[in-house]
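# Understanding the architecture of this molecule
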Amino acid sequence: MARRLRRSHNGGPPLDDYEGPPWGKGDAYIFLAWRAAHDNAWKAPSQTIMLMRLERAERLGLTYEEYTLEILERGRHLSEDDAERIAEIRRARRRRRTSHFE
């Protein structure tokens, strides 16, 4: 029985948990279309926009990737007024691995 998607799900394949080619596991065209959309979303912006995002991210204590992901996922730019969301992003960070040789 196929897994039922949540109401807000857009029907695209999972892009982060990709484990090999999807040929035989579904429609290859759909996968490739969603992969192209993912690549276009993360395409490098102009230098001016990149520097603006980097400056805002540093001011808020976030990384460039965290700030850009928030724009792509929620469609809004964070500011100092969004302290609750910024704290949530910081809590979700993975712990950095330390070298075993130190």
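Reading the values: rules and limits
- Counting from 1, residues in each chain are numbered in the order their sequence is written.
- Local features in this predicted model are restricted to residues of pLDDT 70 or higher, and side-chain atom pairs are both shown and tallied only at a pLDDT of 80 or more, whereas totals for entire chains, interfaces and linings draw on every residue.
- Side-chain descriptors were evaluated using all non-hydrogen atoms of the structure, hydrogens and water having been removed beforehand.
- To obtain an axis, a line is fitted to C-alpha atoms, over the contacting stretch when the element is a helix, and the angle between two such axes runs from 0 to 180 degrees between their N-to-C directions.
- A helix here means a DSSP run of H or I that spans at least four residues, while a strand means a run of E at least two residues long, and both kinds are numbered starting from the N terminus.
- Angular relationships are summarised with four words: roughly parallel below 35 degrees, roughly antiparallel beyond 145, roughly perpendicular across 65 to 115, and oblique for the angles in between.
- Whether two residues are in contact is decided by their heavy atoms, any of which lying within 4.5 Å being enough.
- Note on residue categories: nonpolar means Ala, Val, Leu, Ile, Met, Phe, Trp, Tyr, Cys or Pro, charged means Asp, Glu, Lys or Arg, and polar means any other residue, Gly included.
- Patches in this entry comprise residues that are over 30% relatively accessible and not in a salt bridge; like charges within 9 Å are linked, as are nonpolar side chains (Val, Leu, Ile, Met, Phe, Trp, Tyr) within 5 Å.
- Using the Shrake-Rupley algorithm and a 1.4 Å probe, accessible areas are obtained, with residue cover drawn only from the displayed protein chains.
- Take a side-chain nitrogen of Lys or Arg and a carboxyl oxygen of Asp or Glu: if they are within 4 Å of each other, that pair is a salt bridge.
- Relative accessibility under 20% of the residue-type maximum defines a buried residue, over 50% an exposed one, and the middle range a partly exposed one, all with a 1.4 Å probe and only protein chains included.
- We call a set of buried Ala, Val, Leu, Ile, Met, Phe, Trp, Tyr and Cys residues a nonpolar core when their side-chain atoms join them within 4.5 Å.
- Each helix should span, by expectation, one fewer than its residue count multiplied by 1.5 Å.
- Think of it as the arc spanned by the lines of direction from the helix axis to the C-beta atoms.

## Remarks on the packing of helix H2 (residues 47-60) against helix H3 (residues 64-74)
Helix-helix packing is characterised by the crossing angle of the two axes and by the distance between the axes. The geometry of H2 relative to H3 is characterised by a closest axis approach of 8 Å and an angle of 105° between their N-to-C directions. Here H2 lies roughly perpendicular to H3, going by the angle between them. Taking contact as the criterion, the partners of Met50, Arg53, Leu54, Arg56, Ala57 and Leu60 in H2 are, on H3, Tyr64, Tyr67, Thr68 and Ile71. Among the residues making up the contact of H2 with H3, the classes are represented as 7 nonpolar, 1 polar and 2 charged.

## Digging into a nonpolar patch on the surface
Together, Trp42, Leu69 and Leu72 make up an exposed nonpolar region whose accessible area comes to about 250 Å². A residue is classified by how much of its surface remains accessible, and leucine 72, at 38% relative accessible area, is partly exposed.

## Re the nonpolar core
Counting 8 residues, the largest nonpolar core consists of Ala57, Leu60, Leu62, Tyr67, Ile71, Leu78, Ile86 and Ile89. Secondary-structure elements contributing two or more residues to this core are H2, H3 and helix H4 (83-91). Discounting residues that sit within four places of it in the chain, alanine 57 has contacts with Leu62, Thr63, Tyr64 and Tyr67.

## Quick word on the environment of leucine 72
With respect to the secondary-structure elements, leucine 72 resides in helix H3. For the pair formed by leucine 72 and alanine 41, sequence separation is 31 residues and the distance between their alpha carbons is 7.4 Å. In this view, leucine 72 contacts Ala41 and Trp42; residues no more than four positions away in its chain are not counted.

## Considerations on the pattern of salt bridges
Opposite charge on two side chains makes pairing possible when the charged atoms of those side chains draw close. If you walk through the whole model with that rule in mind, you get 7 salt bridges. One salt bridge in this structure joins glutamate 80 and arginine 59, with 3.5 Å as the shortest N-O distance. Taken as a pair, glutamate 80 in the loop between H3 and H4 and arginine 59 in helix H2 lie far apart in primary sequence, 21 residues in all. Where arginine 74 meets glutamate 73, a salt bridge forms, and the shortest distance between an N and an O atom there is 3.1 Å.

## Things to note about H2
Between its first and last C-alpha, H2 extends 20 Å over 14 residues, near the 20 Å set by a 1.5 Å rise per residue. Along H2, the residues classified as buried are Arg53, Ala57 and Leu60. Buried residues along H2 cover an arc of 65° about the axis, so they all sit on one side. Away from the buried face of H2 by more than 90 degrees, exposed residues Gln47, Thr48, Glu55 and Glu58 are located. Once H2 finishes, glycine 61 follows within two positions and takes phi at roughly 80°, a positive value.

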